[in-house]
Amino acid sequence: MEAVYLHGCVGLGCDKVWRETDSGNVCPKCRTQRFDGNGKAREFVVWFPLAQRFESLLKCEQYCEAIRHECRRPQGDPDYITDVYDCAWWKKLMGRVTRCKITRMGLLLCLDGFPAFHGKHKGSISLMPVEFINLSLPPHLRYDPDNIMMWMLIPHEMSANNQLKYFKYVSLQELNPLQTRGAPGPDGPVHIKLFGASLDLKGKEKFYNQISVTGYCGCSTCSVHFDKGPKGPISACSRRFLPAGHPLRAKTCTFEGQRFTFRNEETRTAPAKKTTQTIFTFLAFVRQLGVEHYLGQRGPPMLMSMQGFKYECFNILEWMHNLKCAFDNFCDLLVGGDEKKDMKARTTSEILGVFPDIWTDKVTYLSQVRHRLLASLQDDVINRADATWIRRWLRICAITMDKRTRIRELRARLVQLRDMAARGDPIPTDKLKPLPWRLSPKARVVVNRRAATLCYPHYTPVCHIGKDSFINGTGCWRTASKLLCFLVILVPILRGFVTTFRAGLRRVVYGLRILEGQTCSVNEAAALNLKSCNVFLRKSDIGMARILILTGLAMIEGCCPICLLVPALHCLCHYGDGAALWGLLKLLWMISFERYNKKCKNITSNKTFPLQSLSNALVRDATARYYRWKRGEPPTRTPKLIKTEVCGAVKPAVLSQVISNQINLMCDCRVENSSISFHRQAVIGGKKFYAGEPLIPGKRCGSVIIQLIDGRSVYGLVKKFLRIVCDCVRVRDFVIVTWLPRPVYPDRDPLTVRINLGGLNVNTMNNQTVSSLNDIQPSRVIVDFDTDNDCLYPMRIEGTDTI
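Quantities reported herein were computed from a predicted structural model and do not represent experimental measurements.

### Overview of the overall build of the protein chain
For step 1, the next point in the chain: Scanning the protein chain from N- to C-terminus turns up 25 helices and 32 strands.
For step 2, the next point in the chain: Once the C-alpha set of the protein chain is aligned to its principal axes, its extents read approximately 100 × 90 × 55 Å.
For step 3, the next point in the chain: Buried residues in the protein chain amount to 54% of all 803 residues.
For step 4, the next point in the chain: Considering only residue pairs separated by 6 or more positions, the protein chain has 70% of its internal contacts joining residues 24 or more positions apart.
For step 5, the next point in the chain: Total accessible area on the protein chain stands at roughly 35600 Å², and carbon and sulfur atoms take up 51% of it.

### Quick notes on the sheet that holds strand 32 (residues 791-796)
For step 1, the next point in the chain: In space, the 3 strands of this open sheet follow the order 28-32-31, with antiparallel pairing throughout. One side of each edge strand has no neighbouring strand; the edge strands of this open sheet are strand 28 (755-756) and strand 31 (781-786).
For step 2, the next point in the chain: Where strand 31 and strand 32 come together, 6 bridges link them in antiparallel fashion. Each bridged residue has a counterpart across the sheet, and for Asp 786 the counterpart in strand 32 is Cys 791.

### Side note on the sheet that holds strand 21 (residues 535-538)
For step 1, the next point in the chain: Spatially, 4-21-20 is the arrangement adopted by the 3 strands of the open sheet, whose pairing is antiparallel. Since the sheet does not close on itself, it has two edges, and those belong to strand 4 (80-81) and strand 20 (518-519), each with one partner.
For step 2, the next point in the chain: Where strand 4 and strand 21 come together, 2 bridges link them in antiparallel fashion. Looking at strand 21, one finds that Tyr 80 is bridged to Arg 538.

### Some details on the pattern of salt bridges
For step 1, the next point in the chain: With the rule as written, the count across this model stands at 35 salt bridges.
For step 2, the next point in the chain: The residue Glu 292 makes a salt bridge to Arg 298 at a minimum N-O spacing of 3.3 Å.
For step 3, the next point in the chain: We classify Arg 298 as partly exposed; its relative accessible area is 40%.
For step 4, the next point in the chain: Between Asp 747 and Arg 502 there is a salt bridge; the shortest N-O distance is 2.7 Å. With Asp 747 in the loop between strand 27 (731-739) and strand 28 and Arg 502 in helix 18 (residues 499-516), the pair connects residues that are 245 residues apart, well separated along the chain.
For step 5, the next point in the chain: Among the residues examined, Arg 502 registers a relative accessible area of 8% and is labelled buried.
For step 6, the next point in the chain: Three or more residues are tied together by salt bridges with common partners; here these are Glu 65, Arg 68, Arg 72 and Asp 187.

### As for the packing of helix 12 (residues 368-375) against helix 15 (residues 407-423)
For step 1, the next point in the chain: Put simply, helix 12 and helix 15 touch, their axes get as near as 8 Å, and they point 115° apart. In terms of axis orientation, helix 12 runs roughly perpendicular to helix 15. Note that helix 12 runs across helix 15; the crossing there is left-handed. Where helix 12 abuts helix 15, its residues His 371, Leu 374 and Ala 375 lie against Leu 414, Leu 417, Arg 418, Ala 421 and Ala 422.

### Focus on the environment of Ala 580
For step 1, the next point in the chain: If you trace the backbone, Ala 580 turns up in helix 22 (residues 575-582).
For step 2, the next point in the chain: Note on Ala 580: relative accessible area 45%, which makes it partly exposed.
For step 3, the next point in the chain: The spatial distance from the C-alpha of Ala 580 to the C-alpha of Ile 542 is 6.7 Å, given a sequence separation of 38 residues.
For step 4, the next point in the chain: Once residues within four sequence positions are removed from consideration, Ala 580 is found in contact with Ala 88 and Ile 542.

### Points about helix 1 (residues 50-57)
For step 1, the next point in the chain: Considered for burial, the residues of helix 1 that qualify are Leu 50, Arg 53, Phe 54 and Leu 57. Each buried residue of helix 1 lies within a common arc of 95° when the element is viewed along its axis, so the set occupies one face.

### Comments concerning the pairing of strand 21
For step 1, the next point in the chain: Sheet topology note: the strand 20/strand 21 ladder contains 2 bridges and is antiparallel. Pairing of Thr 519 across the sheet is with Val 535, part of strand 21.

### Regarding the packing of helix 10 (residues 319-335) against helix 18
For step 1, the next point in the chain: At their nearest, the axes of helix 10 and helix 18 sit 13 Å apart, and the two run at 165° to each other. Taken together, the axis directions place helix 10 and helix 18 in an arrangement best described as roughly antiparallel. Read as a crossing pair, helix 10 and helix 18 show a hand that is left-handed. Contacts from Trp 319, Leu 323, Phe 330, Leu 333 and Leu 334 in helix 10 reach Phe 501, Leu 505, Leu 512, Leu 515 and Glu 516 in helix 18.
For step 2, the next point in the chain: When its residues are assigned to classes, the contact of helix 10 with helix 18 shows 9 nonpolar, no polar and 1 charged.

### Examining the pairing of strand 31
Looking along a regular strand, one sees the side chains alternate between the two faces of the sheet.
For step 1, the next point in the chain: Judged by how many residues are buried, strand 31 sits mostly within the fold: 6 of 6 residues are covered.
For step 2, the next point in the chain: Covered by surrounding structure in strand 31 are Val 781, Val 783 and Phe 785 together with Ile 782, Asp 784 and Asp 786, the residues of both alternating faces.
For step 3, the next point in the chain: As consecutive antiparallel partners, strand 31 and strand 32 are separated by 4 residues, and within that stretch Asp 790 has a phi angle of approximately 55°, a positive value.

### Digging into the nonpolar core
For step 1, the next point in the chain: Judged by nonpolar contacts, the single largest core of 126 residues is most densely connected at Phe 195, Phe 470, Phe 486, Ile 489, Phe 501 and Tyr 575.
For step 2, the next point in the chain: When neighbours within four sequence positions are excluded, Phe 195 is seen to be in contact with Val 84, Cys 87, Trp 89, Trp 90, Leu 93, Leu 107, Leu 135, Cys 313, Phe 314, Ile 316, Trp 582 and Leu 588.
For step 3, the next point in the chain: Judged by nonpolar contacts, the second largest core, of 54 residues, contains Phe 54, Ala 66, Leu 178 and Tyr 311.

So, how was this worked out
- Residues numbered from 1 in each chain as written.
- Predicted model: local features only at pLDDT ≥ 70, side-chain atom pairs only at ≥ 80, totals over all residues.
- Heavy atoms only, no water.
- Helix = DSSP H or I, 4+ residues; strand = E, 2+ residues; numbered from the N terminus.
- Buried < 20%, exposed > 50% of the residue type's maximum accessible area, 1.4 Å probe, protein only.
- Contact = heavy atoms within 4.5 Å.
- Areas by Shrake-Rupley, 256 points an atom, 1.4 Å probe, with all protein chains shown as cover.
- Pairing = 2+ DSSP bridges.
- Salt bridge = Lys/Arg side-chain N within 4 Å of Asp/Glu carboxyl O.
- Axes fitted to C-alpha atoms, helices over the stretch in contact; angles between N-to-C directions.
- Parallel < 35°, antiparallel > 145°, perpendicular 65-115°, else oblique.
- Left-handed = near helix turned anticlockwise from the far one by under 90°.
- Arc of directions from axis to C-beta.
- Nonpolar A, V, L, I, M, F, W, Y, C, P; charged D, E, K, R; others polar.
- Core = buried A, V, L, I, M, F, W, Y, C linked by side-chain atoms within 4.5 Å.

As structure tokens, then:
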């Protein structure tokens, strides 16, 4: 790999680009000098050409065998999406696959900024790498940081208009020839195409040359124009995507037993999606009207010069960052802490005429219990009371007397209040009514205790520190923890509180869990004709997930002030349509690029010239990778996703007759004559499970498993993993399980799962049965203990229950 320095003309509107080796110092178009007075380029980026690298890699036998993964992978049911090759856009862009021949490859692009070092050192600049993932590689190799390819290095402070000329240059010089003529491969030309770009919200602003998402037109998927609210733009517009005549389009409605109020009746249709032609039209209006932007579009996207560029297909919805922003927004609504935002919510609701109970002129009155106590006070009790006792009663009634006030005046004021209460007059406390979507202090203590005493499986990030959780702002700062909280933990631990808000949140999370994919055991995958797969998405479920997300967001808009909802929530409206086009969105998220950026930070050594230092290190790293492919060295990662087997410490075993009778070897061999061993651990679908670990609140436990029995999901505790080698030398893995009582679903959805114990101790139950390891679903489980009601609330991390 070589690093080519591209020098761009800094003249206004000039798109001239030189290579470092090109001669000349003056731009022929605008006569701007290429170098400054010290002989340094006034502007430059680093480009790592792809054609040379692919030409070399396609000569390596091991790399070519890896690229043939799409040709050789088992073809499953066309109604299920298991990998990127099953989605509609891949089939349309790449065409039919040629059996055992390499004819094309698909790349996933990402552009993201990061500081040159882990800390922000004085004088060091931020870098913005443009990287590729080769989607034609098998999953265990395509996301390996060692196999991600750097394409360009751009200074982070460079504007989108200045970047445009560099992307135009490399598109014409490299991308278009690679798409049409291809790179030489073992079976002929290999056409290299760009599948799409995985970008966060800020990355989309720069890459697609749009205004900030906090503006009125910040959506990069559709041409929605955010409404102008009393105190800024309103991002809540999910009701426009609902079918005409839907109850949630009305101004007030009752939906699923809950009452919702909106600022108006929604009669508008869904906004049109942005396409390449739409972008051209917007840019024509920008030039015609002489404005900075039109409906959010400032200039052409970076890859507008690429042949066959389709904006609506290239702009992939990012799974990680939008969900993280949504979780932060929901936590702010539940917990609060910013009095200015609360007052903004009250005043905005009053202006819009919604939620009258929280308006600023609405005050609360003394509760009935305190009202009776106050009315029952006798004169002798008041006369004997000291100043502290009297002041406490006055504070309850929102009265604060001066510190120098004499005690007889305090008693006189309390007597007046006592007489008002005795007459039955309401006593105002001068406090605003609590916000209905906000956890009360008592509810917050309960929810925090639930979150802080969860039993997590091994290798799972916890969302609490000590006795405090993310509810109190402790822990949960990593994105992985936030996604775990949002998609798994938040809905179950909110049970019994903020009922209306939780009803909308349940639908949003349920729709996202469907799009995340369903897990299945080895035997279930074989029954569905999905070989070597444990995560799939039914195409028939995408429509249900879409309507769940839209109705859930609409319900949240109907019970919360819309001024507090962030634009990232609007992006969730498009996730159903995005899954129909791109399949499993989680396969295309930015987490692999983030890991690669972390690697780039570690290999940057020069603080004075970080961009040049990183480019030199990347050249050396790519060269080393090429020689590893050429020598046929084993890859650093193995296909763990399809592995299901026992492992860990081995111990010879003797089975009881009861257990032996439950084992079916599917052959003529007898269990008594076979070699039997107990194992400490097992890998099921790439996830590790442990045998014999008890369930203890706040402790780790990896022994909870899930199996589909009689068409319903059932939870159990692993006692022992078992391996049997019979006389015909066939290896079979089993698991001895204590099954928990059948789960119930109080919300009638698989998010909140309840297991009533009925006085049983889960760690001493002894109803042991034997199941095949291939029947266990590869889903880890978090457990919430409800000792007051003698029940468990298991939360599966992968997939959803079958109810």
